[in-house]
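Structural description and commentary
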Amino acid sequence: RAEQATAQAEAPSLGRRLQPRPPPPEPSLAPELAAPQPPGRQAAMAGEAAAPEAWEIILFYKYADLSEGGAKDEVKAALEGAFAEAAKPLCGRILLAEEGVNGNLAAAAGPAMADLVAALLRLPHLGLRREDIKFAAAKDAEAPFPDLRIREVMLAPNAEP
């Protein structure tokens, strides 16, 4: 246990730009009953990438067998569809492999992030749960990632899943 405590103490932190943050509220099922959206959210929904006042970051990974029956392609298509419908701006990285998915995404704090998380929880074949997603807040107003990318990766030939 002493070795484990030492290793944890020496482990790198999330960095100076990130602070732990509680998960956003669940998205409303009745949009007409929801509170009015701030102007940045309305502009983003209209396709204009308004800079958010605060960025929220999510980190997640999920092991799942995506090697058969085009499962990886289905997950990629679902991710692309979710990103196309998501409020902008949105940035980050997704690594997609036959063993599962690893992602770091950033969106405007609040409803935009709640909608993005709800879309991720609906992804096919992964069984991603809310507990699998870690939340953080960016201290800076600038985007934490330069753009949004989904990259397919392969397991090393001698590695085991």
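Read on for a plain summary of the structure. Just so we're clear, the structure is a prediction, and the values are computed from it rather than from any experiment.

What follows covers the overall build of the chain. In terms of regular secondary structure, the chain is built from four helices and six strands. When the helices and strands of the chain are listed from N to C terminus, the series reads α-β-α-β-α-β-β-α-β-β. Of all 161 residues assigned to the chain, the portion counted as buried reaches 35%. Contacts spanning at least 24 positions in sequence make up 80% of the contacts within the chain whose residues lie at least 6 apart. Just so you have it, the chain exposes about 10,200 Å², and 54% of that area is on carbon and sulfur atoms.

So, about the pairing of strand β5 (residues 133–138). When you tally the buried positions in β5, you get five out of six residues, the bulk of the element. As judged from the five bridges shared by strand β2 (residues 55–63) and β5, these two strands associate in the antiparallel manner. Bridge pairing links Phe 60 to Ile 133 in β5.

Looking now at the pattern of salt bridges. Enumeration according to the criterion identifies seven salt bridges in this entry. Of the charged contacts in the structure, one is a salt bridge between Lys 72 and Glu 152, with a shortest N-O distance of 3.3 Å. Of this pair, Lys 72 sits in helix α3 (residues 71–85) while Glu 152 sits in strand β6 (residues 148–152), placing them 80 residues apart in sequence. Overall, the relative accessible area of 14% leaves Lys 72 in the buried class. Note that Asp 147 and Arg 93 form a salt bridge whose closest N and O atoms lie 2.6 Å from each other. A residue pair is termed long-range when its members are at least 10 positions apart, and Asp 147 in the loop between β5 and β6 and Arg 93 in strand β3 (residues 90–97) qualify at 54 residues. Taking relative accessible area as the criterion, Asp 147 reaches 26% and is therefore assigned partly exposed. Residue classification places Arg 93 among the partly exposed residues on the basis of a relative accessible area of 26%. Bridged by salt links that share partners, the residues Lys 62, Arg 129, Glu 131 and Asp 132 form one connected network.

The end-to-end C-alpha distance of α3, which contains 15 residues, comes to 21 Å, matching closely the 21 Å that a straight helix rising 1.5 Å per residue would cover. Within the sequence span of α3, burial applies to Ala 71, Lys 72, Val 75, Leu 79, Ala 82 and Phe 83. Projected onto a plane normal to the axis of α3, the buried residues spread over an arc of 105° and lie on a single side. Opposite its buried face, α3 presents the exposed residues Asp 73, Ala 84 and Glu 85, each directed more than 90 degrees away. On its buried face, α3 sits against β3, β4 (100–108), α4 (111–121) and β6.

Thresholds, definitions, all that
Residues numbered from 1 in each chain as written. Predicted model: local features only at pLDDT ≥ 70, side-chain atom pairs only at ≥ 80, totals over all residues. Heavy atoms only, no water. Helix = DSSP H or I, 4+ residues; strand = E, 2+ residues; numbered from the N terminus. Buried < 20%, exposed > 50% of the residue type's maximum accessible area, 1.4 Å probe, protein only. Contact = heavy atoms within 4.5 Å. Areas by Shrake-Rupley, 256 points an atom, 1.4 Å probe, with all protein chains shown as cover. Pairing = 2+ DSSP bridges. Salt bridge = Lys/Arg side-chain N within 4 Å of Asp/Glu carboxyl O. Expected span 1.5 Å × (residues − 1). Arc of directions from axis to C-beta.

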